[in-house]
Number of protein chains: 2
Amino acid sequence: MKINDNFLKIQSSYLFSNIAKKVNAYTAANPDKPIIRLGIGDVTRPLAPACIDAMHKAVDEMADEKTFMGYPPEYGHKWILEAIAENDYRQRGVEIDESEIFLSDGAKSDCGNIGDILSVDNKVAVCDPVYPVYVDTNVMAGRSGDFVNGGWSNIYYMPCTAENNFLPCLPTEKVDIIYLCFPNNPTGMAITKTELKKWVDYANENGSLILFDSAYEAFITEDDVPHSIFEIEGAKTCAIEFRSFSKTAGFTGVRCGYTVVPHDLKCDGVELNSLWARRQATKFNGVSYITQRAAAACYSEEGKKQIREIIAYYQNNAKVIYNGLKECGFTVYGAKNSPYVWLKTPDNMGSWEFFDTLLNEIQVVGTPGEGFGPSGEGYFRLTAFGSYENTVKAVERIKNYFVK
Amino acid sequence: MKINDNFLKIQSSYLFSNIAKKVNAYTAANPDKPIIRLGIGDVTRPLAPACIDAMHKAVDEMADEKTFMGYPPEYGHKWILEAIAENDYRQRGVEIDESEIFLSDGAKSDCGNIGDILSVDNKVAVCDPVYPVYVDTNVMAGRSGDFVNGGWSNIYYMPCTAENNFLPCLPTEKVDIIYLCFPNNPTGMAITKTELKKWVDYANENGSLILFDSAYEAFITEDDVPHSIFEIEGAKTCAIEFRSFSKTAGFTGVRCGYTVVPHDLKCDGVELNSLWARRQATKFNGVSYITQRAAAACYSEEGKKQIREIIAYYQNNAKVIYNGLKECGFTVYGAKNSPYVWLKTPDNMGSWEFFDTLLNEIQVVGTPGEGFGPSGEGYFRLTAFGSYENTVKAVERIKNYFVK
C-alpha cells in the first residue's frame, strides 16, 4: 500500500490541539490556579429549552417500535429542510429549494469534505489569517504545493490586516476556489453587501467558486451585512454556503450543520449539486434523528426566542471584552457582528508570547493570531462564548496586569 | 474552477436510492397494497431501554450550564473508548489501546473517508458481490480506472459465488488495498479464523492493507468465526477495522461507529494511526455527546443483556426466512452468522426481474444481487431486520406464490 504523502507535509498537530496541550501542562503544574478559557470558539450556555424538549420527545420515539426511526434520509428530513429554507432564506428574501440544502454533522465536516467534488488541479485562495481547516484540508488533498517561507507555494494568500480593515483585496492573479468566511473567524470583522457583491462579480467573471462560511451569521447586528451570500445577486452561479447550528444554537456538542449548493451552480454544464448529493449519499449516512429534531426546534417560535436570548448573552460578553480592552488602551477589532474580539498585541509582542503571558501570568486562554496564518502574527483572538462572570473576571485580570 | 471528473464516471444514483424510487412508484400507484420491506439493512426494533435512559440523562445534562457539553473530543470521550477497548477487544483476548480507536458518526463515513489517507496510486481489491460504498468511493477518488465490460478496469474483483462457498480466493496479482467484510454483506456468509489468517499472511507478505468491515459481528453464532480481524495473529501490522453500532444496537438512526487503526500498522515507517488522527481532527468534529452516552450504555450490564435480546429477535427472523425459503425449494445461504439471507433466484431469473416480481406480485421488497456486483447476478438478498410478524408474512407470501 501507499499512503497519501500530502499528509506528511502538514504539521503533525492541529492549532487547537497545541493550545490544549499547553493549557493541560499548565493546569497539571498549577492545579490551584483556575483558568478562564476564551480561546477555542466553544459555547458554554445550555441548549435552548425548546431543543431539550424536542430531543426528549425524539428519544421517546426511538423507544417505541411504532415511532422508531432507522436510517435518516441522507440529506435530512423534509421538515428540517423546509424549516431551513423558510427561516434562513425565504424570510430574508432568498429562494432556496429544499433539494439545494444538505444537512450534515457540522460545517467543519462539510468544509473539509467539499474538496472531494473538486479537482486537485484548482488554485485555492484563502484569507490570511484564516480558519486552519480550509488550508489543511487542501494540503491533504494535494492542492497546496510545498511549504516555503511560511506559506504554501500553490495557495494564494489574501492578507487581512488593520491596513485593509481586515477585508481581503480581489486576487491579482486568476484563482479557482475562494474561501470566504464572514462574519470572519478569527478577526470578527464583517463584510457589507456592497463589498461581497464585488467577490460574486469576480467569481462569475472568472469562473471561480466561492466557498462561503457563514457559521457566525447569528451574531450580525448591522443591516447592510448579509447573513447569506445568496442575498447577493449572482451568488447562485458561483457559491456554496456552509452553515452551522454550533454558534447559532449552541450545538457544538450536538453536531449539526448544513451546506447549500444551488442548482444554478455549474461547471461545464454539470451541477455541483448533483456531485455533492452523490458524495453525501455515498460517504455519509445522514444526521441523528434526535439531532434533527433539536435543529428543527430552533425554528419554532419559542426556540427562536430562546436562541435570540442566548445570542444576546454572548453579544454582551463580546461588548464587555471589546470595551474592557479598549479601556486598557489596546487596539481592538471585531465584536460588533461577531462573537470574536481580535486585538493587536501590546508592545509588539509576538502572538504566542502574548498567549504564554496570559496563560502563565493571569490564567486566561486565548488564541494566538499567528496560529491562523502569518498575517495573524501580532494579533490575538478572544471569544465571547464564556460565562458572563468569567468574561468579566478575565477582563479584570487583563486590566490589572496590563494597566500599570 | 474544475470539478473532480471521477464523479462523472459513476452512475448517477446509488443502489438503494434506485430501489427506493421503484418502491415509491409502486406505492403511489397501489396505495392499498401494503409493502413488506426486507431490502435495505435497516433495523426496526426500538432502542434498548439502557440507551434510551442514557440519552434522556445526557439531554438533561445539556440543559444545565453545570453539566453542558460543548465540542466533543475529536476521537471520542475517554469512557466510551475504554468501554470499546474492554468489551469489544480485551474480553476477546485482543489488546487495543484507546488511542487506536476513533469514534465516528458511522462505519459508512469511515469506510468512505479512509481513502483520504491513502494514495490514489493503489490497486484496490474487492469481493464481488460487494457493499457498493467500497467501490464507489474509490471511483470518486480516482483509483478505479474506467468502467468497461461491467467492471472497473483498475479494480481487482474477487468473485464470491456458490462455487467457492462465497469465500474470495487470494489475489493472483499484487494488490495494495483489500476490502473484506465478514460476516459478509450481502451474502451473509462468515469466514473462519483459519481462512482469515491466510488473508493476514498474504497482506503482511505483500505489504497490502486490509480494510476489514465487521459491522455484522454481533450476529456471529459460531466459535471459529472471528468477531474482529485483530483476533488473528499478525493483523495489527496490516489491517484497519470498521465497527458500527447500527446493526449491533439498532443505531441506524442514531449514527455511531468506530474505526481501529493499530499503531503497529505502518507504511515506510509512518503510522497510519497518525494520518487518520490528523484526518479526523481536521475534517470531523466528534460525535454528539448524547449519542456517545447511548453508545456507552450498550456496554453496561443491562444494556448488553437488552441488546442480546434484540439480536436474538433478528436472528430468529433470519432463521424463519432461511427455513421458509428452503421449504420453497430455494437454494439459500447466510443467516447463520448474519442478519442476511442470500438466495439463488429460482428458474434462473435475473435478480432485478426477481425484484420486480416480488414487488409487483407479492409486495415484498428485497435487494437484487446484481446491485452488489456482476457476480451477484442471479442472487437476491433478504434481511432479518423486519418485525417478526412481517417476516413471517413475507415468507408466507413467497411460499404461496412460488410453491405451486
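Source: prediction; values computed, not measured.

Calculation criteria
Residues numbered from 1 in each chain as written. Chains lettered and ligands numbered in written order. Predicted model: local features only at pLDDT ≥ 70, side-chain atom pairs only at ≥ 80, totals over all residues. Heavy atoms only, no water. Least-squares fit on C-alpha atoms with pLDDT ≥ 70 in both. Contact = heavy atoms within 4.5 Å. Axes fitted to C-alpha atoms, helices over the stretch in contact; angles between N-to-C directions. Helix = DSSP H or I, 4+ residues; strand = E, 2+ residues; numbered from the N terminus. Parallel < 35°, antiparallel > 145°, perpendicular 65-115°, else oblique. Left-handed = near helix turned anticlockwise from the far one by under 90°. Nonpolar A, V, L, I, M, F, W, Y, C, P; charged D, E, K, R; others polar. Pairing = 2+ DSSP bridges. Buried < 20%, exposed > 50% of the residue type's maximum accessible area, 1.4 Å probe, protein only.

S.K.: Can you break down the relation of the copies chain B and chain A residue by residue, with the values?
M.R.: Once chain B has been moved 0.0 Å along the axis and rotated by 180°, it coincides with chain A to within an RMSD of 0.0 Å. The two molecules are tied by a two-fold rotation axis, judged by turn and shift. Measuring from the rotation axis to each C-alpha of chain B, the shortest distance belongs to histidine 56 of chain B, at 3.0 Å. The overlap is high: 100% of the interface residues of chain B also sit at the interface in chain A, so the same surface is used on both sides.

S.K.: Please give an account of the packing of helix H6 (residues 132-141) of chain A against helix H9 (residues 272-283) of chain B that cites residues and values.
M.R.: Describing two packed helices takes the angle between their axes plus the distance from one axis to the other. With their axes 10 Å apart at the nearest point, H6 of chain A and H9 of chain B run at an angle of 140° to one another. For the element pair H6 of chain A / H9 of chain B, the angle class is oblique. In this structure, H6 of chain A crosses over H9 of chain B, and the sense of that crossing is left-handed. When H6 of chain A is examined against H9 of chain B, the residues Val133, Asp136, Thr137 and Met140 of chain A are found in contact with a partner set consisting of Arg278, Arg279, Thr282 and Lys283 of chain B. A per-class count over the contact of H6 of chain A with H9 of chain B returns 2 nonpolar, 2 polar and 4 charged.

S.K.: Go over the sheet that holds strand S17 (residues 379-383) of chain A, please, and point to the residues and values.
M.R.: Residue and element names in this part refer to chain A. Taken together, the 4 strands give an open sheet; going across it, the order is S13-S14-S17-S16, and neighbouring strands pair in antiparallel fashion. The sheet terminates laterally at strand S13 (332-334) and strand S16 (367-368), the two strands that pair on one side only. Across 5 bridges, strand S14 (residues 340-344) lies against S17 in antiparallel orientation. Bridged to tryptophan 342 within S17 is arginine 381. Relative to S17, helix H12 (residues 351-362) is tilted by about 45°, and along the sheet it contacts S14, S16 and S17.

S.K.: Before we move on, could you go through the pairing of strand S9 (residues 239-244) of chain B and cite the residues and values that matter?
M.R.: Residue and element names in this part refer to chain B. In terms of burial, S9 is a largely internal element, 6 of the 6 residues being buried. In S9, alternate side chains face the same way, and those of Ala239, Glu241 and Arg243 on one face and Ile240, Phe242 and Ser244 on the other are all buried. Two elements, strand S8 (residues 209-213) and S9, share 4 bridges in a ladder whose sense is parallel. Paired with leucine 211 across the bridge in S9 is isoleucine 240. One ladder, built from 4 bridges, connects S9 with strand S10 (residues 257-260); its direction is antiparallel.

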